[in-house]
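# Structural characterization, general
Okay, here's what each chain looks like letter by letter:
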Amino acid sequence: MNFRPQLKNSLLLTSITLIAASISACSSGQELKSQVSIDGAAVGFPVSLAVAEEYGKSKPEAKVSVASSGTGGGFSKFCNGDIDIAGASRTIRDEEIKKCQSKNIDFVELPIALDGIAVIANRKNNFAKCLTIKELDKIWSAKSDGKILSWNQVNPKFPNEKLKLYAPASDTGTFDYLTQAVTGKAKNGRTDYTPSHNQNLLVQGVSGDEFSLGYVGISYYIQNQEKLNLVAVESPLGKCQKPVPVDNVIKNIYTPLSRPLFIYVSKKSLDTKPAVKEFVDFYLDNSWKWVDSVGYVALPDEAYIKTKQKFARGETGTKFKKAKPGEPITNFI
């Protein structure tokens, strides 16, 4: 698999330029209809950015803005009617659905890729090679806030060293997904850790602190694997598994920390702004080209076909809220 670091760096460096160039103070109704706005998860953002750049080459008149304020921030704007598309690294919550309904916003839920949440440690860490779900629960659950502060509290075989934690901010989909997967409850994560919306900063924190631990989307590990140790996670079958090779994510071997990534498209925008439908069609036809190169995992062919069919039908609502970590994605499209 070719991850093309030059492409990834280019995407990140040009993101600010693209966003700034895309947001314009248009006054006419026709100009507004030609605009497409995306905001949401940092995980998945490079794919949306790459698609928008490629779309702009064939449609230079297009005005596509791409931003990343986290899954929660994206859904907040989406359900307020401020954006056309929300990028998400988790499924939409019940309270977010209610907010959308209060604004008469229906949505089409479209998976675009797969991701594995990578548990990362410092390169000097030679003891945390495989963590059980019980140990991850002890590390990350709310009940450990201010109490589980050293490695030997997690496992008496680990050293009596301070446990320094780095993780995505609590309003991100990555935080939500890992918390649900390892503690069994939503919004059940501890708060005494170093948070960031920028997962590159989390990588820097873990790589600079010998006794640190964190978690990031798989692409952030792949881009920085020479700086980090990838910690295996014990699966329900009792085997230590990692999200690399990526087949472990595709085949749900790396469970429960594999997940789908989504875009949620406003039905109102689809009905009133032809540019949104045209852009999403382009997105579904072309996003797979960049999924691997920016470090995510492509959907199975069957899932891409079913996703395009679902979009063509304009099917609204969520099916993925019924999914459990590790279940095949094609069961819920």
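Summary of the structure given here. (Residues numbered from 1 in each chain as written. Predicted model: local features only at pLDDT ≥ 70, side-chain atom pairs only at ≥ 80, totals over all residues. Heavy atoms only, no water.)

A word on the pattern of salt bridges. Under the criterion given, the structure shown has 17 salt bridges. One salt bridge in this structure joins Glu54 and Lys57, with 3.5 Å as the shortest N-O distance. On the criterion of helical spacing, the pair formed by Glu54 and Lys57 is a turn pair, its members being 3 residues apart in helix 3 (residues 45-58). What makes Glu54 partly exposed here is its relative accessible area of 30%. Judged by its relative accessible area of 65%, Lys57 is exposed. Salt-bridge contacts for Asp84 lead to Lys273; the nearest nitrogen and oxygen are separated by 3.0 Å. Residue Asp84 is found in the loop between helix 4 (71-79) and strand 3 (85-88), and its partner Lys273 is found in the loop between helix 12 (267-272) and helix 13 (274-286); the two are separated by 189 residues along the sequence. Side by side, Asp84 and Lys273 carry an identical accessibility label, which is buried. Among the charged side chains, a salt-bridge network with shared partners connects Arg90, Arg93, Glu96 and Asp176. (Salt bridge = Lys/Arg side-chain N within 4 Å of Asp/Glu carboxyl O. Helix = DSSP H or I, 4+ residues; strand = E, 2+ residues; numbered from the N terminus. Buried < 20%, exposed > 50% of the residue type's maximum accessible area, 1.4 Å probe, protein only.)

Extensive coverage of strand 6 (residues 164-168) is indicated by the burial of 4 of its 5 residues. Pairing of strand 6 with strand 8 (residues 212-217), which is carried by 3 bridges, proceeds in the parallel orientation. Following the sheet pairing, Lys164 is matched in strand 8 by Ser212. (Pairing = 2+ DSSP bridges.)

Mapped onto the elements, Glu96 comes out in helix 5 (residues 94-102). A relative accessible area of 11% means that Glu96 is categorised as buried. Of note is the side chain of Glu96, whose polar atom sits 2.8 Å from the side chain of Arg90. Leaving out residues up to four positions away in the same chain, Glu96 has contacts with Gly72, Phe75, Cys79 and Arg90. (Polar contact = N/O pair within 3.5 Å; in protein donor to acceptor, adjacent residues only side chain to side chain. Contact = heavy atoms within 4.5 Å.)

Here we come to the state of the cysteines. Put plainly, two cysteines are in a disulfide when a covalent bond ties their sulfur atoms together. The full count for this structure, using the stated rule, is 2 disulfides. Across a sulfur-sulfur distance of 2.1 Å, Cys130 and Cys240 are joined as a disulfide pair. Residues Cys130 and Cys240 are joined through a disulfide that is left-handed, its torsion about the S-S bond being -95°. Note that Cys130 is positioned in strand 5 (residues 130-131) and Cys240 in strand 10 (residues 240-241), a separation of 110 residues in sequence. (Disulfide = S-S within 2.5 Å.)

The subject of this paragraph is the packing of aromatic side chains. Two aromatic rings, taken as a pair, are described by how far apart their centres are and by the angle between their planes. Evaluation of the coordinates by the stated rule reveals 14 aromatic pairs. Where Phe175 meets Tyr193, the ring centres are 6.1 Å apart and the plane angle is 15°; that geometry is what we call stacked. On the criterion of sequence distance, the pair formed by Phe175 in helix 8 (residues 173-183) and Tyr193 in the loop between helix 8 and strand 7 (194-196) is long-range, its members being 18 residues apart. The exposure classification of Phe175 matches that of Tyr193, with both residues buried. (Phe/Tyr/Trp six-rings, centres within 6.5 Å; stacked < 30°, edge-to-face > 60°.)

Taken across its 9 residues, helix 4 has 7 buried, putting it largely inside the fold. Tucked inside the fold, the buried residues of helix 4 contact strand 1 (35-40), strand 3, helix 5, strand 4 (107-122), helix 8 and strand 11 (258-266). Phi turns positive, to about 80°, at Gly81, one or two residues after helix 4.

Counting across every chain of the model gives 2 cavities of 30 Å³ or more. Space inside the largest cavity adds up to approximately 90 Å³. Looking at the largest cavity, it is lined by 15 residues, and the ones nearest its centre are Ala42, Val43, Thr172, His197 and Gln199. For the lining of the largest cavity, the class distribution of residues is 4 nonpolar, 11 polar and no charged. Of the pockets and cavities examined, the second largest cavity occupies roughly 70 Å³. Lining the second largest cavity are 14 residues, and of these Ala41, Gly44, Phe45, Ser48 and Gly87 sit closest to its centre. The set of elements that each furnish at least two residues to the lining of the second largest cavity consists of strand 1, helix 3, strand 3 and strand 11. Take the lining of the second largest cavity: its biggest share by element is 3 residues, from strand 1. In the lining of the second largest cavity, the residues fall into 9 nonpolar, 4 polar and 1 charged. (1 Å grid on protein atoms, 1.4 Å probe; cavity = no way out; pocket = protein on both sides within 12 Å on 5 of 7 lines; lining within 4 Å. Points joined across faces, edges and corners; volume = space filled by probe spheres on them. Nonpolar A, V, L, I, M, F, W, Y, C, P; charged D, E, K, R; others polar.)

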